[in-house]
Amino acid sequence: MFFRKGRRIAEVLLILTVVMISSVPVWADDFHYSDKELMTATQIAYYTFTEEQLAAHGGSATVRELLLETDTRARLEEKYAQEVKKNQEEGNSGLEKKMAEWNLRLYEEIVEEHSPYGNWKVAAVKNHNMETGFYGVLLDTDGVHGLISFRGSESTDMNQVVKDWMSADAGLLMAKDTLQQEEAAAFMEEINERFSYEWYGVTGHSLGGNLACHAVIAAPDGMRGKLQQAVSFDGPGYSMEYMERNGEFIQKVTIPVVHYQWSLVGALLNQPSCVSSRTVQVTEDIRPFQDLDSNYMRHAVSFLYLNGEQVMDSRRDLVSAGMASWSKTVDQKVMEKRRENAEQAGH
């Protein structure tokens, strides 16, 4: 009798255990995107997909489908051919050629028939690139997890130089959030209202990394518990005034935002308390003591070293260390001058 009762109790406990395990949400596991996946997402944000293109597919389509509808391959091939010719004629460092080759190779990897990146679905885009320089994309990577990626600075034409480098990048010293930061926060609101993912990752390269971090800081309260992973790839930091202005929201961030820094751009200004910074390794193509181009070309994701799917730790280079110190000094002086002017205006 005792044996039968014990066996019955064990069976009940087993059933309860199975029920409890099966009821655990999928997002409660140890799922996370690899550095390679996040890096690829940052580059997908540099491809231009439109709301109209998505609408023609019924609201969403795979990255592969959308890319094959565009002239992206032709433009990448033309860029590579130009850099090969320029390198032959000028005998330069060849870094531009290597970056163009890397971009073409990544495109081919994404559109390859069985590529997981090509199978990711573009669920939403916010394309205000011509108006403000802002571009964001929501990727459905497996039907359960959503990956939000923000585009970084571009130099394709003067409009992009003004919108990205002057208004957005230089605007990081402003006394208010930049237009692109405001758009990033609005995109998060829109995603939270339209979609029901319970697990989100957020990423971006360069200015896109700054926007990704800001998006996490400014996320709507109903979305904060769903944000599980955030990585800024060499994104610049923020002014001290930004920290003070957004201090309440920075304190609400529940996950560490990881900041991978490997160039002078990623060393600019200050990182919020919710950010964990790591200096990571670049490829052997970057030779700052031999090629002057290396000092600014290293910022490209194409020169980020990956050991399989992950980045590797390194030490901050001298140029980045100097830029970090200089930018913080400038930020301090700008803040002091602004407050001095405000005090004088108040008298």
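Above this text you will find the structure in question.
Residues numbered from 1 in each chain as written. Predicted model: local features only at pLDDT ≥ 70, side-chain atom pairs only at ≥ 80, totals over all residues. Heavy atoms only, no water.

Q: What is the right way to read the pattern of salt bridges from this model?
A: Where charged atoms from two side chains of opposite charge approach closely, those side chains can pair. Tallied over the full model, the rule gives 18 salt bridges. The salt bridge involving Lys36 is made with Glu109; its shortest N-O contact spans 3.2 Å. Separated by 73 residues along the polypeptide, Lys36 in helix H2 (residues 35–44) and Glu109 in helix H6 (residues 95–111) bring together distant segments of the chain. Linking Arg245 and Asp177 is a salt bridge whose minimum nitrogen-to-oxygen distance equals 2.9 Å. Within this pair, whereas Arg245 is found in helix H12 (residues 240–245), its partner Asp177 is found in the loop between helix H8 (158–169) and helix H9 (179–194), the two being separated by 68 residues in sequence. On the accessibility criterion, Arg245 (31% relative accessible area) is partly exposed. Relative accessible area serves as the criterion here: at 17%, Asp177 is assigned to the buried category. What you see here is one network of salt bridges that share partners, running through Lys79, Glu83 and Lys86. (Salt bridge = Lys/Arg side-chain N within 4 Å of Asp/Glu carboxyl O. Helix = DSSP H or I, 4+ residues; strand = E, 2+ residues; numbered from the N terminus. Buried < 20%, exposed > 50% of the residue type's maximum accessible area, 1.4 Å probe, protein only.)

Q: Would you explain helix H15 (residues 318–346) in this entry?
A: Three or four residues apart is the spacing at which side chains of an α-helix point the same way, because the helix has 3.6 residues per turn. Between its first and last C-alpha, H15 extends 42 Å over 29 residues, near the 42 Å set by a 1.5 Å rise per residue. Within H15, the full set of buried residues consists of Ser320, Ala324, Ser327, Asp331 and Met335. Those residues of H15 hidden inside the fold are in contact with H12 and strand S7 (257–261). Put simply, Asp317 is the residue that caps the front of H15, since its side-chain oxygen is 3.3 Å from the backbone nitrogen of Val319. (Expected span 1.5 Å × (residues − 1). Contact = heavy atoms within 4.5 Å. Polar contact = N/O pair within 3.5 Å; in protein donor to acceptor, adjacent residues only side chain to side chain.)

Q: Would you mind going over the packing of helix H5 (residues 72–90) against H6 with me for this structure?
A: Helix-helix packing is characterised by the crossing angle of the two axes and by the distance between the axes. In contact at an axis separation of 8 Å, H5 and H6 are set at 155° when each is read in the N-to-C sense. Taken as axis vectors, H5 and H6 run roughly antiparallel relative to one another. Read as a crossing pair, H5 and H6 show a hand that is left-handed. Contacts from Thr72, Arg73, Leu76, Glu77, Lys79, Tyr80, Glu83, Val84 and Asn87 in H5 reach Glu96, Lys97, Ala100, Glu101, Asn103, Leu104, Tyr107, Glu108 and Val111 in H6. Partitioning the contact of H5 with H6 into residue classes produces 7 nonpolar, 3 polar and 8 charged. (Axes fitted to C-alpha atoms, helices over the stretch in contact; angles between N-to-C directions. Parallel < 35°, antiparallel > 145°, perpendicular 65-115°, else oblique. Left-handed = near helix turned anticlockwise from the far one by under 90°. Nonpolar A, V, L, I, M, F, W, Y, C, P; charged D, E, K, R; others polar.)

Q: Explanation requested: the packing of aromatic side chains in the structure shown.
A: Describing an aromatic ring pair means giving the distance of the ring centres and the angle of the ring planes. According to the stated counting rule, one finds 13 aromatic pairs in the structure shown. Taking 5.0 Å as the distance between ring centres and 80° as the angle between the ring planes, the aromatic pair formed by Phe31 and Tyr33 counts as edge-to-face. What makes Tyr33 buried here is its relative accessible area of 3%. Ring centres of Tyr47 and Tyr107 lie 6.5 Å apart, and the angle between their planes is 90°; this geometry places the pair in the edge-to-face category. You can see Tyr47 sitting in the loop between H2 and helix H3 (51–56) and its partner Tyr107 sitting in helix H6, a full 60 residues away along the chain. One aromatic cluster is present, built from ring pairs that chain together Phe31, Tyr33 and Trp199. (Phe/Tyr/Trp six-rings, centres within 6.5 Å; stacked < 30°, edge-to-face > 60°.)

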